[in-house]
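Structural description and commentary
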Amino acid sequence: MDEMDVPDPELGTATIVFETPDGEVDQITVENEYIVYFQDHWQVKAGEDDEGNDVVRRIPRDRVYYVERSVEEFQDRIDALLDRAKDRFDLENLSLG
């Protein structure tokens, strides 16, 4: 069975706006591939250490005001995905009734 191609999460950027431990509002903007929600925390690549390892900041869900994502070519990729699904399942010739 062929895998269906889905939009790449690494296209575009994400900005997370959150409250810091000292009560200030801060934000981080990263490529979409460097932010994920997991175990009630947003995890964001915040840089690299001196050895080239990724530094990940975990931000608790209740401290996040919002996450805004900008995705390049998302609609074009969705349209292509829908066209492939129609072709694959012959939805153009589907009769409902």
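Refer to the preceding data block for the structure.
All values derive from a computational prediction rather than experimental measurement.

A tally of helices and strands in the chain yields 1 helix and 6 strands. The linear arrangement of helices and strands in the chain, starting from the amino end, is β-β-β-β-β-β-α. Counting only residues that meet the buried cut, the chain has 22% of its 97 residues in that class. The contacts in the chain between residues at least 6 apart in sequence include a share of 43% that link residues at least 24 apart. When the accessible surface of the chain is summed, it comes to about 7600 Å², and 46% of that surface belongs to carbon and sulfur atoms.

A few words on unusual backbone geometry. Unlike most non-glycine residues, Gln-39 shows phi in positive territory, near 55 degrees. Mapping Gln-39 onto the fold places it in the loop between strand 3 (35–38) and strand 4 (41–48). Here the phi dihedral of Asp-40 falls at roughly 60 degrees; this positive angle occurs in a residue that is not glycine. Examined against the element boundaries, Asp-40 turns out to sit in the loop between strand 3 and strand 4.

Okay, the sheet that holds strand 3 next. The pairing of strands in a sheet comes from backbone hydrogen bonds and takes either a parallel or an antiparallel form. As summarised here, the arrangement of the 3 strands in space is 3-4-5, forming an open sheet in which the pairing is antiparallel. Two strands close off the open sheet at either side, each with one partner strand: strand 3 and strand 5 (54–60). On average, each strand axis in the sheet is inclined to that of its neighbour by 30 degrees, with strand direction left out of account. Where strand 4 meets strand 5, 7 bridges bridge the pair, whose relative direction is antiparallel. Bridged to Glu-48 within strand 5 is Asp-54.

Take the environment of Phe-18 next. With respect to the helices and strands, Phe-18 occurs in strand 1 (residues 13–19). Through-space distance from the C-alpha of Phe-18 to that of Tyr-66 is 7.2 Å; in sequence the pair is 48 residues apart. Contacts of Phe-18, omitting those with residues within four sequence positions, involve Glu-24, Val-25, Asp-26, Gln-27, Ile-28, Arg-57, Ile-59, Arg-63, Val-64 and Tyr-65.

So, on to the pattern of salt bridges. Applying the stated rule across the entire model yields 4 salt bridges. One salt bridge in this structure joins Asp-40 and Arg-61, with 3.6 Å as the shortest N-O distance. In this pair, Asp-40 is assigned in the loop between strand 3 and strand 4 and Arg-61 in the loop between strand 5 and strand 6 (64–70), connecting sequence segments 21 residues apart. A salt bridge links Lys-45 to Asp-54, with the nearest nitrogen and oxygen atoms 3.3 Å apart. Here Asp-54 falls in the partly exposed class, since its relative accessible area comes to 48%. Each of Lys-45, Glu-48 and Asp-54 takes part in a single network of salt bridges with overlapping partners.

Each value, and the rule that gives it
- As a convention, each chain's residues are numbered from 1 in the sequence order in which they are written.
- Thresholds applied to this predicted model are a pLDDT of at least 70 for local features of residues and 80 or more for the giving and counting of side-chain atom pairs; totals over whole chains, interfaces and linings are not thresholded and use all residues.
- Derived side-chain values reflect all non-hydrogen atoms in the structure, with water molecules and hydrogen atoms excluded from consideration.
- The numbering of helices and of strands both runs from the N terminus, where a helix is a DSSP run of H or I of at least 4 residues and a strand a run of E of at least 2.
- Between buried and exposed lies partly exposed: a residue is buried under 20% and exposed over 50% of the maximum accessible area for its type, with that area taken using a 1.4 Å probe on protein chains only.
- Working rule for contacts: check all heavy atoms of both residues, and any pair within 4.5 Å makes them a contact.
- Using a 1.4 Å probe, accessible areas were evaluated by the Shrake-Rupley method; residue-level cover was limited to the displayed protein chains.
- DSSP bridges decide pairing: two strands pair if at least two such bridges lie between them.
- Angles run from 0 to 180 degrees between N-to-C directions of axes, and those axes are lines fitted to C-alpha atoms, restricted for helices to the stretch in contact.
- By convention in these notes, a salt bridge is any Lys or Arg side-chain nitrogen within 4 Å of a carboxyl oxygen on Asp or Glu.

Geometry only, nothing functional implied.
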